[in-house]
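# Secondary and tertiary structure notes
The primary structure of each chain is shown beneath.
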Amino acid sequence: MIKKHGLSANKALGQNFLFDMQLLDRIAAVPGDLEGQKVFEVGPGPGGLTRALLQAGAQVTAVERDGRCLPALAELGEYFPERLTVIDDDALKIDLSSLFDTPFHILSNLPYNVGSALLIKWLSEPQWPPQWQSLTLMFQREVADRIVAREGTEAYGRLSILAQWRCDARLAMTVHRSAFTPPPKVMSAIVHLVPKAQPEGVDPKALADLTQAAFGQRRKMLRQSLKGMAGALDALGSLAIDSSRRPETVSVDEFVAIARLLSSSS
């Protein structure tokens, strides 16, 4: 397909193509049976994962901003009539509620340069539970480890908390760099996230601001990193959380508790 259409991975777009169909079928199977399910995919490129999703029975809406790939995707769509919709746009600008009126899954080999930004966008939706039923996403292994990390580990940080406070997050599988064309310099991994009930009384913005302040200076004690945030140090005292602790030692539940007090005082 890439030879026929003269395609090559665009480094500026964070592209790395994946063609191992056995591996792609395994990725498509992570969220469960997709027969008749709606799926949103970002950056399909020449359509390796797209093909696996279609073969699994999904109805796929894909967003691709690289115009070179559109003819290849159009050809793929001919093999699966009325099952593939391709949108030429920037995924960061798309309102998913305008594309779907029923629940859907998000599966994607995300472009490395926008992967974290897209994840935070999807995790920060004001409506919860969201319209999406699951996220099955490929990241650089380092980013994937941060998403599922527990407190007290080097990888634990803001992304861990934003992912885990209202989702169950797990590392579904690792993907060796040799599986890609061209091979990236780093290993990759698939992360699977499923929405769970959001803790009551917590404003998502309060938690986002809190974690940004805490981990913006992650080597400093909480009393230093949070001193500029109104009410934060008082919240630590109310919860008997030692302000000399560093943010990587504070659990997701503790950050949620702090954010709840900040939400009630704002």
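Data block above holds the structure.
Reference entry: report on the structure contained in this document. Small disclaimer: the values here were computed from a predicted structure and weren't measured.

Cut-off values and rules
- Residues numbered from 1 in each chain as written.
- Predicted model: local features only at pLDDT ≥ 70, side-chain atom pairs only at ≥ 80, totals over all residues.
- Heavy atoms only, no water.
- Helix = DSSP H or I, 4+ residues; strand = E, 2+ residues; numbered from the N terminus.
- Rg over C-alpha atoms; globule rule 2.2 N^0.38 Å.
- Buried < 20%, exposed > 50% of the residue type's maximum accessible area, 1.4 Å probe, protein only.
- Contact = heavy atoms within 4.5 Å.
- Lys, Arg positive; Asp, Glu negative; His and termini not counted.
- Charge placed at Lys NZ, Arg CZ, Asp CG, Glu CD.
- Salt bridge = Lys/Arg side-chain N within 4 Å of Asp/Glu carboxyl O.
- Core = buried A, V, L, I, M, F, W, Y, C linked by side-chain atoms within 4.5 Å.
- Pairing = 2+ DSSP bridges.
- Axes fitted to C-alpha atoms, helices over the stretch in contact; angles between N-to-C directions.
- Arc of directions from axis to C-beta.
- Polar contact = N/O pair within 3.5 Å; in protein donor to acceptor, adjacent residues only side chain to side chain.

### Concerning the overall build of the protein chain
Looking only at helices and strands, the protein chain features 10 helices and 9 strands. Here the protein chain has a C-alpha radius of gyration of 20 Å; the compact-globule value for 266 residues is 18 Å, and the two agree. Each principal axis of the C-alpha distribution contributes one length, and for the protein chain these read about 65 × 40 × 30 Å. Residues classed as buried in the protein chain amount to 47% of the 266 residues present. Pairs at least 24 residues apart make up 68% of the contacts formed inside the protein chain by residues separated by at least 6 positions. Here the protein chain carries 29 positive and 29 negative side-chain charges, and the mean point of each set is 8 Å from the other.

### So, the pattern of salt bridges
A full pass over the atoms with the stated rule returns 7 salt bridges. One salt bridge connects Asp168 with Lys196, and the closest N-O pair in it is separated by 3.9 Å. Of this pair, Asp168 sits in strand β7 (residues 167-175) while Lys196 is found in the loop between β9 (188-195) and α7 (204-216), placing the two residues 28 residues apart along the sequence. On the accessibility criterion, Lys196 (32% relative accessible area) is partly exposed.

### Quick word on the nonpolar core
Within the largest apolar cluster, 30 residues are counted, with the highest numbers of intra-cluster contacts made by Trp122, Ile147 and Leu193. Among the elements of the structure, β2 (38-42), β5 (104-109), α4 (115-123), β6 (132-140), α5 (141-148), α6 (158-164), β7 and β9 are those that each provide at least two residues to this core. When near neighbours in sequence (up to four residues on either side) are disregarded, Trp122 contacts Phe40, Val42, Leu96, Ile106, Leu110, Trp128, Trp132, Leu135 and Leu137. Counting 24 residues, the second-largest nonpolar core is a separate cluster that includes Leu24, Leu54, Ala62 and Leu76.

### A closer look at the environment of Thr174
Tracing the backbone shows Thr174 in strand β7. Sequence separation of Thr174 and Pro195 is 21 residues, and the distance between their C-alpha atoms is 22 Å. If near-sequence neighbours (up to four positions away) are discounted, Thr174 is found in contact with Arg141, Ser188 and Ala189.

### So, the sheet that holds β6
Here 7 strands make up an open sheet; going across it, the order is β4-β3-β2-β5-β6-β9-β7 and the pairing mixed. Of all strands in the sheet, those bounded by a partner on one side alone are β4 (84-87) and β7. When strand polarity is set aside, the average angle formed by the axes of neighbouring strands in this sheet is 20°. Pairing geometry for β7 and β9, over 8 bridges, is antiparallel. Residue pairing in the sheet places Arg170 in a bridge with His192 of β9. Lying over the sheet, helix α1 (residues 21-29) contacts β5, β6, β7 and β9, oriented at roughly 170° with respect to β7.

### Regarding α1
Every α-helix carries 3.6 residues per turn, so stepping three or four residues along brings you back to the same face. Listed as buried for α1 are Leu23, Leu24, Ile27 and Ala28. The arc enclosing the buried residues of α1, seen along the axis, measures out at 140°, which places them on a common side. Capping the start of α1 is the job of one residue whose side-chain oxygen sits 3.1 Å from the backbone nitrogen of Gln22: Asp20.

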